[in-house]
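If you want the building blocks of each chain, they are given just below.
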Amino acid sequence: VMLSLPVALLLFTTACASLASVAGAASETTCDINIMSNQTKEVITTTDTSAEQQYKYAYYRDKQFETFKVIIMLGVGTAMKSDNYSGLCTNLVTSTEQPILAVVVDFVPEWPIKNDPKRFVESCNSILKELESKKLISFSEGITLVVGGHSGGGASAAGSLTVDGASFEHTPNGFFGLDPVPPGVGPFPGLFKPVIGIPSLNVGFAKKTCGVDPLRSARAAYSKSDISHRTLLLISNDVSPNEYICHCAFSDHGCGVACPQAGDTETVKQGVADAFAIFLTTLDTGRNGDKEAYQKAIGSAPIVVKALDAEDVENKANLPWWKF
């Protein structure tokens, strides 16, 4: 399934207060989320660092739940930190009635380039053990694990599915790519062989922003995903009024001076979260979602669905969008 959107907006307001902030220990913040003025949910944010400073992470959870059946592990984008995705994660954990734990991982905190699939795997394995020790999750009772990330972190997550020398202790059930792109000018990981052999949801852009070629990011990840269970959402930043929405729209404040936040990014974050809620239902059923399901979740924005067959995937992955 391939969709093109500006996504529909679900308005929300927040009021936050610190729960704890102790030097050297995990800190927590709680936010009251007022959705459409008729439903209030409390989202708790916790930030922590591994003892060896090997990774930093933040996780988000709806306060009404004590244990969680769905875990999203997202690698941060280039030059980003683990606490830069609070808006998106707040939307993710409140987009469905399922108990979702959204975890953002800075798996290379000492370096701005996030290009290390092996460290992504190792960081995720350690964090999942920590979360299980806190009794937030229990793999013995069944967990849906989705891995992915933004930009370089998303590419590392894709590469981690087949990386040599490391493997997930708990097999991921799905991949969630937020314009995932490898560094440099080389092809997306696994250009010549599929590496995303699990159901995937990828979000990309119609035109190049922040120096990211749309053919090497979400579309490449989509083209190298399991053909029977993959979805691509394209944000229509090639038409007004969306032309200022960029590659870093998933973060809270953009990618700094080089790629500042602009445009209606709250619409993007909410639409992506609503689409993810549909993606979760496809993992439960084992069948990919259709255009109608995603359109209903995202809203009334115009959506174009393109279908690529196996031959197109292998032979035309690098052709311009309009040639598909």
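Note that this is a predicted model, so its numbers are computed, not measured.

### Some words on the environment of Arg-230
So, step 1. You can see Arg-230 is positioned in strand S11 (residues 230–235).
So, step 2. Each C-alpha atom, one on Arg-230 and one on Gly-197, is 9.9 Å from the other, the two residues being 33 residues apart in sequence.
So, step 3. Here Tyr-222 takes part through its backbone oxygen, which lies 3.0 Å from a polar atom of the side chain of Arg-230.

### A closer look at unusual backbone geometry
So, step 1. A positive phi is found at Lys-135, a non-glycine position, where the angle reads about 65°.
So, step 2. Mapped onto the fold, Lys-135 is located in the loop between helix H2 (117–133) and strand S8 (144–150).
So, step 3. Judged by its relative accessible area of 65%, Lys-135 is exposed.
So, step 4. In this structure, Ser-151 takes a positive phi of about 55° despite not being glycine.
So, step 5. Looking at where Ser-151 falls in the secondary structure, it is placed in helix H3 (residues 151–160).

### Observations concerning the confidence of the model for the chain
So, step 1. Of all residues in the chain, 74% attain a pLDDT of 70 or more, and the chain-wide mean is 77.
So, step 2. Every residue in residues 6–24 is under pLDDT 50, and counting partners more than four places away or in other chains gives 46 contacts.
So, step 3. Scored below 50 in pLDDT, residues 300–324 makes 44 contacts in the model with residues more than four places away or belonging to other chains.

### Overview of the packing of H2 against H3
So, step 1. The interhelical angle for the contact between H2 and H3, taken along N-to-C directions, is 80°, at an axis separation of 8 Å. The angle between H2 and H3 falls in the class roughly perpendicular. Contacts between H2 and H3 involve Pro-117, Phe-120 and Val-121 from the first element and Ser-156, Ala-157, Gly-159 and Ser-160 from the second.
So, step 2. Looking at the contact of H2 with H3 residue by residue, the classes come out as four nonpolar, three polar and no charged.

### A closer look at the pairing of strand S6 (residues 70–75)
Each regular strand shows side chains that alternate between the opposite faces of the sheet.
So, step 1. Within S6, six of the six residues are buried, which leaves the element mostly enclosed by the surrounding structure.
So, step 2. Neither face of S6 is exposed, since Val-70, Ile-72 and Leu-74 on one face and Ile-71, Met-73 and Gly-75 on the opposite face are all buried.
So, step 3. Pairing geometry for S6 and strand S7 (residues 100–106), over six bridges, is parallel. Residue Gly-75 lies in a different strand from S7, and its bridge partner there is Val-105.

### A word on the side chain of Ser-225
So, step 1. Along the chain, the position of Ser-225 falls in the loop between helix H4 (218–223) and S11.
So, step 2. Taking relative accessible area as the criterion, Ser-225 reaches 7% and is therefore assigned buried.
So, step 3. There is a polar contact of 2.6 Å between the side chain of Ser-225 and the backbone oxygen of Ala-221.
So, step 4. Aside from chain neighbours lying at most four places away, what touches Ser-225 is Ile-196, Ser-200, Asn-202 and Arg-230.

About the cut-offs
Residues numbered from 1 in each chain as written. Predicted model: local features only at pLDDT ≥ 70, side-chain atom pairs only at ≥ 80, totals over all residues. Heavy atoms only, no water. Helix = DSSP H or I, 4+ residues; strand = E, 2+ residues; numbered from the N terminus. Polar contact = N/O pair within 3.5 Å; in protein donor to acceptor, adjacent residues only side chain to side chain. Buried < 20%, exposed > 50% of the residue type's maximum accessible area, 1.4 Å probe, protein only. pLDDT = per-residue confidence, 0-100. Contact = heavy atoms within 4.5 Å. Axes fitted to C-alpha atoms, helices over the stretch in contact; angles between N-to-C directions. Parallel < 35°, antiparallel > 145°, perpendicular 65-115°, else oblique. Nonpolar A, V, L, I, M, F, W, Y, C, P; charged D, E, K, R; others polar. Pairing = 2+ DSSP bridges.

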